[in-house]
Amino acid sequence: MTPTFRRKATLSLAIALAAATLLTAGVSFKRKLATFQTAGLILREAPAEQLLVATADPALHPQLRRGDRVLLIGGNTVSGLQQALETLRAQPSTEVVVMRGDEALTLGYVRPPLEIDYSYLIQAVIGGIYLFIGLYTILKEERRQSLVFYFWCLVSTSFYVLVSTPANQLLVDSTGRALYVLEEAVRLVLPALTLHFFITFPKELASRHRVARLVPFLYLPSAILIALQSDLIFNRGQWLFGSPRGREIATIIQQLDRVELFLFVVFAFAAGGLLLGRLHWGEEAEGKRQLAWIAIGMAGGYLPFLVLYLIPWSLGLHGPPALEILAVLPLAMVPLTFAYAILRYRLWDISVIARDVATYTLTLLFGLLGFTFLEILVQRGIPASEGLTRNILSLAAVLVMGGLLVPARQGISSTLERVQYRHSFAKRRTLAHLGRELLHDRDLASLSNKLLLRLEEALSLERANLLVSEEEHLVPLRQEQPDLGEILPDFLDTGFWQDEYRQLSGVALPDAIASPAQRLFMQGYRYAFPLSVRGRRVGALVCSHRFGDVPLSSDDLDLVRQFMNQASLAIENAHLLDRLQNQLREVRRLKQYNEGIIEASPAGIAVLDGMGRVVSANIAFAALCGAETGALRRKKLLEILPLTTVPRPSDGLVDLSIEDEQGKVRSLQISVAAFSGSPASDLSVLVANDITERVAMELALKEKDRLAALGVMAAGIAHEVNTPITGISSYAQMLIQDTDPDDPRYSLLRKVERQSFRASRIVNSLLSLARDQEIDLEPVDLHELIEESLELVQEQMQTNRVEAELRAPEAASVVAGSDDQLQQVFTNLFLNAIEAMKGEGGRLRVDIEEDDDFVNVIVRDSGPGIASAERERIFEPFFSTKQSSGGSGLGLSISHEIIRRHGGELQLENGEVAEGCRFRVKLRRVQSQA
């Protein structure tokens, strides 16, 4: 027998038993509801289809007496006990004709008030919960424990629905007697079944302790007692008790009830002890947690019932109805916690469970209401005398409603699913059919993005990714941070590819290298679905929980599995096509590699024929020649480059200088080699390297060496010049002390003193410049500094008829720098400007401008300006435009170096001839302290 056939047979048997249990419970429930409206008297059947009054409540029916023979009820004859009771309950008051002895009496019957047993109604609801949970579990789980649990739920359903009906009302007819025996069977079987369940859950205890053969004997005492009860009820004890009399039968039933109670207590203690033992000693962590939930449910359900109902009842105490209801309500915890434990804590399925509960409840309600409506039509439309017709039509109503239950359940389930998922319902439904559409998408990247986006939207996933098989690895299609890298196909185990899905775990030993599965877990992925087509491994889908870290429900997992089964073929097709395209691209890349290597070379390369003409050339060679690549073909090399002859391979390296379109001279180094890639012996390859920068670097290095030597010389000169300057300063100070301040020579001596100090500072600055020392930066007010510098060159301005103009903001412009060195820079710029306007006169204008971070000083003159050929060399050492007038060429070079050390810039912004010169000094501003 195959597992699939066995599973279908089990489900068919389970559904059949559920239907039988539901039918029996419905009959008992209907009879119990009838007891809510009591008759206030008990009738019994006598020979010749007569009804006799067995007992009558004297408070309600004082005229009726025991032994009265009922003739008419409501003016109509009655054909049976059940019809008589229904007729009495139908109206508040009824006229009854009885025969008392030989006298016919017409008596008035008053119907007693309605007495609703609310505790029984709650028990019936709890029984329905048991039935639903049993069905749900057997549909979701295939383990043996689920089958035992299912039978336990069916028996529990019968236990709650069939009990609580008084025996004197049950035994008046054959149906009542059958229900009574069934009640006794349920009471006897339930303790043994509970013990059996604890033996098999959460793991098979019987197989480990070799007590599997003893399990059937658990039911032997129950079977014996059921047989004895059946003989007493149906056969008045003729088979097993030797035809006892009526009082003896009652005594035997009481004795059997005591045995039944004893058996119940024994099995209850055995089940409780086994539960506690397994909870404390014999299970792993998961099993203990499952058993803990069962223990919580039993304690929370049975203890209130024991304390609030059973103990007071056994003591003969009867509390208010509300207390009885409170005792019964917690019993609903028992099936819920049992189901929670056996379904392995799938709390995230609560919405699915609730939807299924609502679906089956509404379906059941639809069936009951429909059957009730049809039954009312039958009862109202068919006379009571047509009993056979009534029965046939009632059976037909049952068949009709049974046929409508399946489509009704599907419609209700679809409606509730739409309500449950609301906005995502359409996306989930679309997802189920998207796999076929993906077969038309041939681009793997587009297909995977569409697939993952649809999946994330439909299920509200935080993230999802596809791991596609590439040779011996799985490669993620979406880039991850940090990168997951390549993953081995058996990153879980070899059995992964035969499973529906796997849950990922992040458990790892301390300091251990994380496995691929653990890396996926740390990236937020919680599920992995294998993808295969006809046994070939296509890849794997990994996905996270829903937003809010909510695990996927069983509906979600089934939807993903169904969707990926359809999409696997599309992924494989797109992957194969993608690999083919990659191979084609690789072929093209290899083809273009040899062709592009010449184009990518920074050196100019040209192929020449035997006549010295260009056969082909790369972009670099065309750029060196200042022409397009196509224009060079078939042109002679001597027409392109200034060569006298075409170099030969034996000539070695040839140096050449050319001038480009901007007039800049470029240095080339040319070599020629024989072309070995073609059988044509007259071809050769010319390689031209642009060595302009290298030549410039060599010249700059020579210049630096020269400047270094000059720096050493300047340092020596500065050291020697300091001595006479110190003497001049000392003599000037002595003369100042001996000169009256009112003497005209006093101001001249002061100028000599200041100029000697200035000369000393300049020499020391030149010495510091040569030593490349750091500058001590202090706040300097440029406004005051420039005014002082203009005062120093006042005499030169007067001599050369130069007017000075200073434009500065009202607030102080403070920069970070050296006062002396900056004064040297501005004095040098002012002197250069005066020198440029010498003999002609003019205007010297100084503007101080500020922005957020810098202060700009612009020095303008109205002189002749600087020729364009000299502008690029204006800051070079020893370059001067006024060497004929004694210029050294060091002023602007030193000034440029001083400003550079200050973290600023000295720029020549124009200098066009006849427009004068404009220098800009840019220094970092010091923010004023509030």
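Whatever comes next refers back to the structure up there.
About the cut-offs
- Chains are numbered independently. Their residues run from 1 in the order of the written sequence.
- Two thresholds apply to this predicted model, a pLDDT of at least 70 for residue-level local features and 80 or more for giving and counting side-chain atom pairs, whereas whole-chain, interface and lining totals are computed over all residues.
- The side-chain figures draw on all heavy atoms in the structure; neither hydrogens nor water molecules are used.
- Centres within 6.5 Å are what make two rings of Phe, Tyr or Trp a pair, Trp counting through its six-membered ring; a difference in plane orientation under 30 degrees is then read as stacked, over 60 as edge-to-face, and the rest as tilted.
- Burial classification: accessible surface area is computed with a 1.4 Å probe over protein chains only, and a residue below 20% of its type maximum counts as buried, one above 50% as exposed, and the rest as partly exposed.
- Whether a charge sits over a ring comes down to the Lys NZ or Arg CZ being within 6 Å of the ring centre and within 35 degrees of the ring normal.
- The nonpolar core is taken to be a set of buried Ala, Val, Leu, Ile, Met, Phe, Trp, Tyr and Cys residues, with the residues joined through side-chain atoms within 4.5 Å.
- Numbering of helices and strands starts at the N terminus; helices are DSSP runs of H or I of at least 4 residues and strands are runs of E of at least 2.
- The contact rule is simple, with two residues in contact once any of their heavy atoms fall within 4.5 Å.
- Whether two strands pair comes down to DSSP finding at least two bridges between them.
- Each axis is a line fitted through C-alpha atoms, taken for helices only over the stretch in contact, and angles between the N-to-C directions span 0 to 180 degrees.
- The labels follow the angle: roughly parallel below 35 degrees, roughly antiparallel above 145, roughly perpendicular from 65 to 115, and oblique for the rest.
- In a left-handed crossing the near helix is turned counterclockwise from the far helix by less than a right angle, and in a right-handed crossing that turn is clockwise.
- Charged means Asp, Glu, Lys or Arg here, nonpolar means Ala, Val, Leu, Ile, Met, Phe, Trp, Tyr, Cys or Pro, and polar covers whatever is left, Gly included.
- Polar contacts, as used here, are pairs of N or O atoms within 3.5 Å; protein pairs need one atom able to donate a hydrogen and one able to accept it. Residues neighboring in sequence count only if both atoms are side-chain atoms.
- A helix is expected to reach a length of 1.5 Å times the quantity of its residues less one.
- The patch calculation keeps residues exceeding 30% relative accessible area without a salt bridge and links them within 9 Å when they carry like charges or within 5 Å when they are nonpolar (Val, Leu, Ile, Met, Phe, Trp, Tyr).
- Only the protein chains shown count as cover for residues, and all accessible areas are computed by the Shrake-Rupley method using a 1.4 Å probe.
- The term salt bridge refers to a pairing of a side-chain nitrogen on Lys or Arg with a carboxyl oxygen on Asp or Glu at a separation within 4 Å.
- Under the convention used here, Asp and Glu are negative, Lys and Arg are positive, and both His and the chain ends fall outside the count.
- Every charge is mapped to an atom, namely NZ of Lys, CZ of Arg, CG of Asp or CD of Glu.

(A) Layout of the packing of aromatic side chains. Using the criterion set out here, one finds eight aromatic pairs in the structure. On the numbers, 5.5 Å between centres and 90° between planes, the contact of Phe159 with Tyr160 is edge-to-face. Taking the relative accessible area as the measure of exposure, Phe159 reaches 22% and is therefore partly exposed. For Arg463, the ring lying beneath its charged end belongs to Tyr525, and the centroid distance is 5.6 Å. The cationic tip of Lys922 hangs over the ring face of Phe854; the distance from NZ or CZ to the ring centre is 4.6 Å.

(B) Representation of the nonpolar core within the structure. Ranked by internal contacts, the top residues of the largest apolar core, which has 47 residues, are Ile126, Trp152, Phe197, Phe198, Ile294 and Phe338. At the level of secondary structure, the elements contributing two or more residues to this core comprise helix H3 (118-140), helix H4 (144-162), helix H6 (174-200), helix H8 (220-235), helix H9 (246-282), helix H10 (285-314), helix H11 (321-328) and helix H12 (333-342). For this core, the leading source of residues is H6, giving eleven residues. Non-local contacts of Phe338, meaning those with residues more than four positions away in its chain, are made with Phe149, Trp152, Phe197, Phe198, Ile294 and Met298. Counting residues in hydrophobic clusters, the runner-up holds 35 residues, among them Ile834, Ile899, Leu906 and Leu908.

(C) The arrangement of the sheet that holds strand E14 (residues 654-659) in detail. Read across the sheet, five strands follow the order E13-E12-E16-E15-E14 without closing on themselves; strand pairing throughout is antiparallel. In this open sheet, the two edge strands, each paired with only one partner strand, are strand E13 (614-617) and E14. Pairwise comparison of adjacent strand axes, ignoring direction, gives a mean angle of 30° for this sheet. Relative to strand E15 (residues 665-674), E14 is paired through six bridges, and the arrangement is antiparallel. For Leu656, the partnering residue across the bridge sits in E15 and is Leu668.

(D) Expanded view of the packing of helix H24 (residues 782-792) against helix H26 (residues 819-836). Following both chains from N to C, one finds H24 and H26 inclined at 50°, their axes separated by 9 Å at the closest point. The angle between H24 and H26 places the two elements in the oblique class. Handedness of the crossing formed by H24 with H26: right-handed. Along its contact with H24, which presents Leu782, Leu785, Ile786, Glu788, Ser789, Leu790 and Leu792, the element H26 presents Asp819, Leu822, Gln823, Phe826, Thr827 and Phe830. Of the residues that constitute the contact of H24 with H26, the class distribution is eight nonpolar, three polar and two charged.

(E) Main features of the pairing of strand E2 (residues 50-56). Judged from the six bridges that link them, strand E1 (residues 41-46) and E2 form a sheet pairing that is antiparallel. For Ile42, the partnering residue across the bridge sits in E2 and is Thr55. Two strands pair when backbone bridges link them, and E2 and strand E3 (residues 69-73) are joined in this way by two bridges, in the antiparallel orientation. Residue pairing across strands places Leu51 opposite Val70, the latter belonging to E3.

(F) Fine view of the side chain of Asn856. Along the chain, the position of Asn856 falls in strand E21 (residues 854-861). By relative accessible area, which is 8% here, Asn856 ends up buried. Within polar-contact distance, the side chain of Asn856 engages the side chain of Arg920 at 3.4 Å. Once residues within four sequence positions are removed from consideration, Asn856 is found in contact with Asp847, Ile848, Glu849, Asp851, Arg920, Val921 and Lys922.

(G) H8, seen in detail. The terminal C-alpha atoms of H8, which comprises 16 residues, lie 22 Å apart, in line with the 22 Å expected from a rise of 1.5 Å per residue. All of the buried residues in H8 are Ser222, Leu225, Gln229, Asp231, Leu232, Ile233 and Asn235. Looking at the residues trailing H8, positive phi occurs at Arg236, about 55°.

(H) Up close: a negative patch on the surface. A cluster of acidic residues, Asp776, Glu778, Glu784, Glu787, Glu788, Glu791 and Asp819, forms a negative patch on the protein surface. Residue contributions to the negative patch peak at four residues, all from H24. Within the secondary structure, Glu787 is located in helix H24. The partly exposed category is assigned to Glu787, whose relative accessible area is 42%.

(I) Focus on the packing of H6 against H8. Contact geometry for H6 and H8: axes closest at 9 Å, N-to-C directions at 170°. Judged by the angle between their axes, H6 and H8 are roughly antiparallel. Listed contacts from H8 to Arg177, Ala178, Tyr180, Val181, Glu184, Ala185, Leu188, Val189 and Ala192 of H6 are Ser222, Leu225, Ile226, Gln229, Ser230, Ile233 and Phe234. Among the residues forming the contact of H6 with H8, the class breakdown is eleven nonpolar, three polar and two charged.

(J) Main features of the sheet that holds strand E7 (residues 464-470). Strand order in this open sheet of five strands is E8-E7-E11-E10-E9, and the pairing throughout is antiparallel. Single-partner strands in this sheet number two, and they are strand E8 (473-476) and strand E9 (502-503). Alignment of E9 against strand E10 (residues 527-533), held across two bridges, turns out to be antiparallel. When the bridges of E10 are listed, Arg502 appears paired with Ala528.

(K) The pattern of salt bridges, seen in detail. By the definition in use, this model includes 17 salt bridges. Arg546 serves as the salt-bridge partner of Asp556, at 2.3 Å between the closest nitrogen and oxygen. Residue Asp556 is found in helix H18 (residues 554-600), and its partner Arg546 is found in the loop between strand E11 (536-543) and H18; the two are separated by ten residues along the sequence. On the basis of relative accessibility, which here comes to 1%, the residue Asp556 falls in the buried class. When the shortest N-O distance is used, the salt bridge between Asp743 and Arg745 registers 2.9 Å. In the salt-bridge network here, residues are joined through shared partners; they are Glu803, Glu805, Arg807 and Arg843.

(L) Geometry of unusual backbone geometry. One non-glycine residue with positive phi stands out, namely Arg634, at about 70°. Counting through the fold element by element, Arg634 comes out in the loop between helix H20 (629-632) and helix H21 (637-640). The backbone phi angle of Arg801 is positive, close to 55°, even though this residue is not glycine. Topologically, Arg801 is positioned in the loop between helix H25 (794-799) and strand E18 (802-807). For Arg801, a relative accessible area of 55% translates into the label exposed.

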